[in-house]
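Structural characterization, general
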Amino acid sequence: MMICISGIPGTGKSTLADELKKRGYNIVRQNDTVKDFIVSDDEERDTKIIDEEKWVSSFKPFEGIIEGHLTHLLPCDLVVILRCRPDILKERLQHRGYSQEKVMENVEAEALDVSLIEALEYHEPCKILEIDTTNESVDIIATEIGDFMQGKIPPSHGKTDWSEYFGMII
Ligand SMILES: Nc1ncnc2c1ncn2[C@@H]1O[C@H](COP(=O)(O)OP(=O)(O)OP(=O)(O)O)[C@@H](O)[C@H]1O
Ligand SMILES: [Mg+2]
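This structure is a prediction, so every number in the text was calculated from the model and none was measured.

The next subject is the nonpolar core. Proteins that are soluble and globular tend to have nonpolar side chains buried together. Counting residues in hydrophobic clusters, the biggest one holds 18 residues, and the most contacted among them are W55, F59, L74 and V79. Beyond its immediate stretch of four places on either side in the chain, F59 contacts M2, T33, I66 and L74. Membership of the second largest hydrophobic core comes to 17 residues, among which are I27, L78, L82 and L129.

As structure tokens, this is what we get:
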């Protein structure tokens, strides 16, 4: 079974994957798989542009968990989408030293449910679990993902609603 952990930058994918690795899961990082598919380096936005179609079509599925903000595009058996309340996400990204433009680009994408909507375009809802990380410990989220993989908790999405945060982004 291949499962992905996706979500907007700053929602906690790598932190969670670190914890799942400690628990014995096989973890692959998106960043380690895209190197041959970088088409340009957008220095202005401090972002590498990936040929997503080529990356997805040549991706060899494996047993384990892949984490990264594009991984919901892969042919995964299960999909976890991490969410974070926009005002808290803003703090997390500012703390990283991101430019104001990059912070707001990501906060806007989170407020507009971009990762979830894309995941629903590529996967049946019965494969998707959305988790709000805003006030949840990494420990509890890691256990939730383990339970989801074992079929102990059902898929679900649509519980987060950031519409009251739209004011932040316009
Ligand atoms: N459950 C959580 N509760 C509180 N803070 C968290 C949680 N998960 C992660 N963080 C914090 O949020 C920040 C971003 O986490 P992380 O680097 O794991 O995000 P990411 O989704 O991997 O981002 P990127 O896509 O840019 O790699 C870090 O400072 C981390 O300590
Ligand atoms: Mg990360």
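When the UniProt feature table is mapped onto this chain, "binding site: ATP" (unreviewed entry) is found at G10, G12, K13, S14, T15 and R96. Lining residues of the largest pocket drawn from the annotated list: G10, G12, K13, S14, T15 and R96. Relative to the elements of secondary structure, G12 occurs in the loop between β1 (2-6) and α1 (13-22). Using a relative accessible area of 23% as the deciding quantity, one classes G12 as partly exposed.

By volume, the largest pocket amounts to about 1200 Å³. Surrounding the largest pocket, 43 residues form its lining, I8, P9, K13, Q30 and H69 being those nearest its centre. When contributions to the lining of the largest pocket are tallied by element, the ones reaching two or more residues are α1, β4 (47-50), α4 (100-111), α5 (114-122) and α6 (138-149). For the lining of the largest pocket, the residue count by class is 15 nonpolar, 15 polar and 13 charged. Forming the boundary of the second largest pocket are L129, E130, I131, D132, E136, E144, P154, P155, S156, H157, K159 and T160. For the lining of the second largest pocket, the element with the most residues is strand β7 (residues 128-132), which contributes 4 residues. Residues belonging to the lining of the second largest pocket are distributed by class as follows: 4 nonpolar, 3 polar and 5 charged.

Before going further, it helps to examine the pairing of β7. Among the 5 residues of β7, 4 are classified as buried, and the element is accordingly described as predominantly covered. When strand β6 (residues 78-83) meets β7, the two strands line up parallel, connected through 5 bridges. Bridged to R83 within β7 is D132.

What counts as what
- Residues numbered from 1 in each chain as written.
- Chains lettered and ligands numbered in written order.
- Predicted model: local features only at pLDDT ≥ 70, side-chain atom pairs only at ≥ 80, totals over all residues.
- Heavy atoms only, no water.
- Core = buried A, V, L, I, M, F, W, Y, C linked by side-chain atoms within 4.5 Å.
- Buried < 20%, exposed > 50% of the residue type's maximum accessible area, 1.4 Å probe, protein only.
- Contact = heavy atoms within 4.5 Å.
- UniProt positions renumbered as here; feature names shortened; annotations may be inferred.
- 1 Å grid on protein atoms, 1.4 Å probe; cavity = no way out; pocket = protein on both sides within 12 Å on 5 of 7 lines; lining within 4 Å.
- Helix = DSSP H or I, 4+ residues; strand = E, 2+ residues; numbered from the N terminus.
- Points joined across faces, edges and corners; volume = space filled by probe spheres on them.
- Nonpolar A, V, L, I, M, F, W, Y, C, P; charged D, E, K, R; others polar.
- Pairing = 2+ DSSP bridges.

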